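Summary of the model geometry
So the chains spell out like this:
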Amino acid sequence: MLSAAQALALLEAATDPVVVRDRDGFVLLWSRGAALTYGWRRDEALGQRLHTLLRTEFPECPPGKDGFAWATAEFGRVGAWGGEVLQYGRDGAGRVVETRWVRAGSDASAEGARSGTGEGPVLEIGRDVTLRRRATVALANLAAAVASAEDGDPLSGTRDALEARERYRSIFENAIEGIFFATPDQREVRVNPAMARIFGFDSPEDLMATSTDLRDLLAGPDRAQIEALIAQGSPVRGLEIEGRRKDGSAVWASLDVVPVLDLQGRLVGYQGLVVDVSQRRNVEESLRRATEEAERANLAKTEFLSRTSHELRTPLAATLGFAQLLQRETTTQAQSEYVAHILTASRHLLDLINEVLEIARIEQGRLGLSLEPVSVAAVVAECLELIQP
C-alpha cells in the first residue's frame, strides 16, 4: 500500500485533474494536473467551491433538477459516481470531462453516505475528453460515409469509396486508442492494433482468433449494461468498464460506442473507441487508501492523546489534593510560598492537560466554547512568578 507521501507524489505526477473537496464542495487539494487543465493556480483554487469555480454542467441530469444536487444524491446512494460533465476553465472555454467521484474518509461506504455519517473528503478524478469526443463523431461520420458508398463494411472498398476508405483505414490502423467496428448482429467485427494491445493480444488477428464477440472481453454487469444501451440505440459515452486481458488479468477501459447510419438512416454497425484507464483507476484507489490510512492514523493519535490526558489527570488530582491539605497545615511564610508554588504549577499542568483534551475534541468536531472574564493582571503576575529565580 502506498504511503500518504507516495500517493501525493503520484498525484502531482498525474496530468489528469485530481481534486479533493469537502462534502460542501470546497476545494481542499488541487493537483498540478488540475492547474494545467483548468488554468487556475493552486493558491487560487483552494477554498473555492469547486463546481461554482468550474461552472460545471451535468448533461445526464434529468430536466428540471439541479445538476450538482442530482449527482450528489446519486453519489450518496452508492458511495461513488461517474459521468460526463461540461466544465469551463479560466480561459472561458468549455471542456468535456469524464469524471469519477469516490469518498475517502471516516466512512467511505454507501451506508455511511446514505446515513449521513460519511463525513470524509470527496476525491474527484477527471479526464479532458473534448478532442476524443470530436474524434469519435468524426470517425463515425467517416465510417458512415464509407458504408453508404459501399453499402456494407467500411473496411472493404470499391473505387467510388477509395479516398474515404483510405482515410478511415489510416486512422483505424494508426490510432493510439482502441477502435472497433461491429455489424449490428456482431457477426463481423474488426479491431485495430491499439485495441488488441489494450486487452493483451499481440495483434488484431490474435484477439479475433480467441473470440469474435467483443462482449466476451467484458466482466460482470458491464456486459448487460452495454447491451441494454445499444438495444435502445443510445450512444455510450465514457462508460468505464472492467474487462479481461488475454492472461485473465483485469483492465479498466473507458468506452464510447456510437451507432453508424448510412445516408438512408439505416443502421449499418457500431463504431467504438476504447481507452485504457487502468492507471488512473489504480491512482484513484491508491489515493483513497492513503487518505483512509492517514485518517486512521489521525484517529489513533487523537485517541492516544485523549487516553494519555485522562491518565495524567489521575495522579495530578492527587498532587493537587495533598498540596491543598499542606496549605492548611503550613506554619511559616516560607512553607506557604512553597505550597503555593506547588499548587500554581499543578494547576498550570492541569490546564495544559485540558488543552490537549480540547485539541482532541476539536479534531473530533466537538469543540465547545466558553466565554469567561479574564484578569490580565493576574495572568501576567502568574507568568512572572513562574519565571522568577
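Scroll up to find the structure this text is about.
Residues numbered from 1 in each chain as written. Predicted model: local features only at pLDDT ≥ 70, side-chain atom pairs only at ≥ 80, totals over all residues. Heavy atoms only, no water.

1. A look at the overall build of the protein chain
Quick reminder of the rule: Think of it this way: any DSSP run of H or I at least four residues long counts as a helix, any run of E at least two long counts as a strand, and we number them from the N terminus. Working definition: with a 1.4 Å probe on protein chains only, accessible area under 20% of the residue-type maximum means buried, over 50% means exposed, and in between means partly exposed. Residue contacts are defined here by distance: any two heavy atoms, one from each residue, within 4.5 Å place the two residues in contact. The accessible surface values rely on the Shrake-Rupley method and a 1.4 Å probe; as for residues, cover is taken only from the protein chains in view.
Helices and strands together make up the secondary structure of the protein chain, namely 14 helices and 10 strands. Taken over 389 residues, the protein chain has a buried fraction of 40%. Relative to all contacts within the protein chain whose residues are 6 or more apart in sequence, the contacts with residues 24 or more apart total 50%. Roughly 21,600 Å² of accessible area belongs to the protein chain as shown, and the carbon and sulfur atoms make up 55% of that amount.

2. As for the pattern of salt bridges
We count it as follows: The working definition used for a salt bridge is a side-chain nitrogen of Lys or Arg within 4 Å of a carboxyl oxygen of Asp or Glu.
Across all of its chains, the model carries 10 salt bridges by this definition. Note that Arg21 is salt-bridged to Glu124, the shortest N-O span being 2.5 Å. Of this pair, Arg21 sits in strand S1 (residues 18-21) while Glu124 sits in strand S5 (residues 122-128); the two residues are 103 residues apart in sequence, bridging distant segments of the chain. With respect to class, Arg21 is no different from Glu124; both count as buried. Bridged by salt links that share partners, the residues Arg41, Asp43, Glu44 and Arg90 form one connected network.

3. With respect to the sheet that holds S1
For the record, the criterion: Criterion used throughout: strands pair if DSSP finds at least two bridges between them. Axis definition: a line fitted to C-alpha atoms, limited for helices to the stretch in contact. Angles are taken between N-to-C directions and run from 0 to 180 degrees.
Across the sheet, which stays open at both edges, the five strands sit in the order S2-S1-S5-S4-S3 with antiparallel pairing between neighbours. Each having just a single partner strand, strand S2 (27-30) and strand S3 (80-88) make up the two edges of the open sheet. Here the average twist between neighbouring strands, direction ignored, is 25°. Where strand S4 (residues 94-103) and S5 come together, seven bridges link them in antiparallel fashion.

4. Comments concerning unusual backbone geometry
The phi torsion at Arg55 lies on the positive side, around 50°, for a residue other than glycine. Within the secondary structure layout, Arg55 lies in the loop between helix H4 (50-53) and helix H5 (67-78).

5. A short note on the sheet that holds strand S9 (residues 250-261)
One open sheet holds the five strands; their spatial order is S7-S6-S10-S9-S8, and the pairing between them is antiparallel. Whereas interior strands pair on both sides, the edge strands pair on one side only; in this sheet they are strand S7 (189-191) and strand S8 (236-244). Pairwise comparison of adjacent strand axes, ignoring direction, gives a mean angle of 25° for this sheet. Sheet topology note: the strand S6 (residues 178-182)/strand S10 (residues 267-276) ladder contains five bridges and is antiparallel. Bridging across to S10, Ala182 finds its partner in Tyr270. Its contacts with the sheet place helix H12 (residues 278-329) against S8, S9 and S10, and it is angled at close to 130° to S9.

6. Digging into the nonpolar core
Short version of the rule: For our purposes a nonpolar core is just a set of buried Ala, Val, Leu, Ile, Met, Phe, Trp, Tyr and Cys residues, chained together by side-chain atoms within 4.5 Å.
One finds Phe180, Met195, Phe199, Leu207, Leu214 and Val274 to be the most contacted residues of the largest nonpolar core, which totals 22 residues. At the level of elements, S6, S7, helix H9 (193-198), helix H10 (204-210), S8, S9 and S10 are the ones that each hand at least two residues to this core. A total of four residues in this core trace back to one element, the largest contributor, which is S9. Aside from chain neighbours lying at most four places away, what touches Leu207 is Met195, Ala196, Phe199, Phe201, Leu214 and Leu217.

7. Things to note about the side chain of Glu124
What counts here: Polar contacts here mean pairs of N or O atoms no more than 3.5 Å apart (in protein, one a potential hydrogen donor and the other a potential acceptor; neighbouring residues in sequence count only if both atoms are side-chain atoms).
Since its relative accessible area comes to 4%, Glu124 is described here as buried. Within the structure, the side chain of Glu124 is placed 2.5 Å from the side chain of Arg21, a separation counted as a polar contact. A polar contact is formed between the side chain of Glu124 and the side chain of His51, at a distance of 3.0 Å. Excluding anything up to four places from it in sequence, Glu124 contacts Pro17, Val18, Val19, Arg21, Leu50, His51, Thr99, Arg100 and Trp101.

8. Quick notes on the environment of Ser346
Relative to the assigned elements, Ser346 resides in helix H13 (residues 333-363). Look past the residues within four positions of Ser346 in its chain and what remains in contact with it is Leu316, Thr319 and Leu320.

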